[in-house]
Amino acid sequence: GAVVSQHPSWVICKSGTSVKIECRSLDFQATTMFWYRQFPKQSLMLMATSNEGSKATYEQGVEKDKFLINHASLTLSTLTVTSAHPEDSSFYICSAPEWVYSNQPQHFGDGTRLSIL
Amino acid sequence: GIQVEQSPPDLILQEGANSTLRCNFSDSVNNLQWFHQNPWGQLINLFYIPSGTKQNGRLSATTVATERYSLLYISSSQTTDSGVYFCAADGAGGYQKVTFGTGTKLQVIP
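Every chain begins its residue count from 1, and numbering advances along the sequence as written. Here every chain gets a letter starting at A, and every ligand a number starting at 1, in the order they are written. Where local features are concerned, this predicted model is filtered to residues with pLDDT of at least 70; where side-chain atom pairs are given and counted, the filter is 80 or more; whole-chain, interface and lining totals use all residues. Calculated side-chain values reflect all of the structure's heavy atoms, with hydrogen atoms and water omitted.

Caption draft 1: Representation of the overall build of chain A. Starting at the N terminus, helices and strands are each numbered in turn, a helix being any DSSP run of H or I of at least four residues and a strand any DSSP run of E of at least two. When you go through chain A residue by residue, the secondary structure sums to 0 helices and 11 strands. For 117 residues, the compact-globule formula gives about 13 Å, and the C-alpha radius of gyration of chain A, at 14 Å, lands near that figure. Taken along its principal axes, the extent of the C-alpha atoms in chain A is 40 × 25 × 20 Å. Burial classes: relative accessible area under 20% of the type maximum marks a residue as buried, over 50% as exposed, and values in between as partly exposed (1.4 Å probe, protein chains only). Buried positions account for 51% of the 117 residues belonging to chain A. Relative to all contacts within chain A whose residues are 6 or more apart in sequence, the contacts with residues 24 or more apart total 53%. As displayed, chain A has an accessible area near 5800 Å², and 52% of this comes from carbon and sulfur atoms. Counted charges follow a simple rule, with Lys and Arg positive, Asp and Glu negative, and His plus the chain ends left uncounted. Note that the charge is assigned to NZ on lysines, CZ on arginines, CG on aspartates and CD on glutamates. One way to put it: in chain A the 9 positive side-chain charges average out to a point 7 Å from where the 10 negative ones average out. We compute the radius of gyration over the C-alpha atoms and compare it with the globule rule, which gives 2.2 Å times the number of residues raised to the power 0.38. Contact definition: two residues touch when any of their heavy atoms are within 4.5 Å. Calculation of accessible area relied on Shrake-Rupley with a 1.4 Å probe; when residues are assessed, cover is drawn exclusively from the protein chains displayed.

What follows is the structure in structure tokens.
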């Protein structure tokens, strides 16, 4: 069945490093993917909408230069946290609907726990 | 955008007890899902239920779309049911942009 694969699952790195997170749709094409962030003991908040072949749409308050999103193919979206700092430490998760504009559940990746030292 | 509120925020149950979690949403929805987030952060999809009632083992869910709420029932709770439960909705007319609820943290004690 349709699955969203997200890598890596856990990243620990030094402050100032850039970190790339990949989200792949398996067995289906995802023209749209969504990226969420979750701080400890909080809910998941939508960061941005990734559209294949066009620029991502960012939610209010999310720095587009800090969180670079690339959706170069129908099966892969990447989120790059540039020059990461401790305040960027969080749980990041992606999702994709199997068909756009359809009343179907979204498929979620397993998430990436990012820790910046 | 759509607002999604859950209650209660925290719940402690004795193993074997039943519980009801509630999700209120502020507008019409195309899609409503219930998730269980395990200690590793994985979102386990429990139900896709924009309307009506569904059951899966000890869990069942009901969404009353006209009154803008959904309920998740857990019967005969087990310690493995512990974790955070989220409902998530995407508003009608939206581009499947999902808004998560505030979550209910459930602890089932032996």
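Having seen the structure, we can now continue with the description.
Caption draft 2: Quick look at the packing of aromatic side chains. In this scheme Phe, Tyr and Trp rings, the latter by its six-membered ring, pair at centre separations within 6.5 Å, and the angle between planes marks the pair as stacked below 30 degrees, edge-to-face above 60, and tilted otherwise. Within this structure, the stated rule accounts for 7 aromatic pairs over all chains. Measuring from centroid to centroid gives 5.0 Å for Phe108(A) and Phe35(B), while their planes differ by 80°, and the two rings are edge-to-face. One end of the pair, Phe108(A), is in strand β10 (residues 106-108); the other, Phe35(B), is in strand β4 (residues 29-37), on a second chain. Their ring planes at 90° and their centres at 6.1 Å tell us that Phe86(B) and Phe100(B) sit as a pair that is edge-to-face. Remark: Phe100(B) occurs in strand β10 (residues 98-100) and Phe86(B) occurs in strand β9 (residues 83-91); sequence separation between them is 14 residues. The residues Phe86(B) and Phe100(B) share a single accessibility class, namely buried. Three or more aromatic residues joined by ring pairs make a cluster, and in this case those are Tyr36(A), Phe108(A), Phe35(B), Phe86(B) and Phe100(B).

Caption draft 3: Structural view of the interface of chain B and chain A. Counting residues at the interface gives 19 residues for chain B, matched by 25 residues for chain A. For the pair chain B and chain A, the summed buried surface comes to about 1800 Å²; carbon and sulfur atoms form 53% of the total. Only one rule defines a salt bridge in this text: a Lys or Arg side-chain nitrogen within 4 Å of an Asp or Glu carboxyl oxygen. The tally of links between chain B and chain A comes to 0 salt bridges. Polar contacts, as counted here, are pairs of nitrogen or oxygen atoms within 3.5 Å of one another; within protein the pair requires one atom able to donate a hydrogen and one able to accept it, and residues that are adjacent in sequence qualify only if both atoms are side-chain atoms. Where chain B packs against chain A, one counts 4 residue pairs in polar contact (both at pLDDT 80 or more). Throughout, the accessible surface (probe 1.4 Å) given up by two parts as they are put together, summed over both, is called the buried area.

Caption draft 4: Molecular detail of the sheet that holds strand β8 (residues 76-81) of chain A. Residue and element names in this part refer to chain A. By the convention used here, strands pair only if DSSP detects at least 2 bridges between them. The strand order β1-β3-β8-β7 describes an open sheet built from 4 strands, whose pairing is antiparallel. Each having just a single partner strand, β1 (3-7) and β7 (67-73) make up the two edges of the open sheet. Each adjacent strand pair in this sheet contributes to an overall mean axis angle of 15°, direction not counted. Only the stretch in contact is used when a helix axis is fitted, and all axes are lines through C-alpha atoms; the angle between N-to-C directions ranges over 0 to 180 degrees.

Caption draft 5: The nonpolar core, seen in detail. Take the buried Ala, Val, Leu, Ile, Met, Phe, Trp, Tyr and Cys residues and link them wherever side-chain atoms come within 4.5 Å; each set so joined is a nonpolar core. If you look at the biggest cluster of nonpolar residues, it comprises 25 residues, and the most contacted ones within it are Trp35(A), Tyr58(A), Phe67(A), Ile69(A), Leu79(A), Tyr92(A) and Leu114(A). Elements with a contribution of two residues or more to this core: β2 (10-13), β3 (19-26), β4 (32-38), β5 (44-51), β7, β8, β9 (90-97) and β11 (112-116) of chain A. Counting 22 residues, the second-largest nonpolar core is a separate cluster that includes Val4(B), Leu21(B), Phe47(B) and Ile49(B).

Caption draft 6: Representation of the environment of Val19(A). Residue and element names in this part refer to chain A. Mapped onto the elements of the fold, valine 19 is located in strand β3. With relative accessibility at 7%, the residue valine 19 sits in the buried group. As for valine 19 and glycine 109, which are separated by 90 residues in sequence, their C-alpha atoms are 17 Å apart. Not counting the four nearest positions on each side in its chain, valine 19 is found in contact with Val11, Cys13, Leu79, Thr80, Val81 and Leu114.

Caption draft 7: Examining the side chain of Gln38(A) more closely. Mapping Gln38(A) onto the fold places it in strand β4. Judged by its relative accessible area of 10%, Gln38(A) falls in the buried class. Of note is the side chain of Gln38(A), whose polar atom sits 2.8 Å from the side chain of Gln37(B). Apart from the residues lying within four places of it in its own chain, the contact partners of Gln38(A) are Ser43(A), Leu44(A), Ser90(A), Phe91(A), Gln37(B) and Phe86(B).

Caption draft 8: Quick peek at the side chain of Ser5(A). Residues and elements named next belong to chain A. With respect to the helices and strands, serine 5 occurs in strand β1. One polar contact links serine 5 to histidine 7, side chain to side chain, over a distance of 3.0 Å. Residues contacting serine 5, with those up to four places away along its chain left out, are Glu22, Cys23, Arg24 and Leu26.

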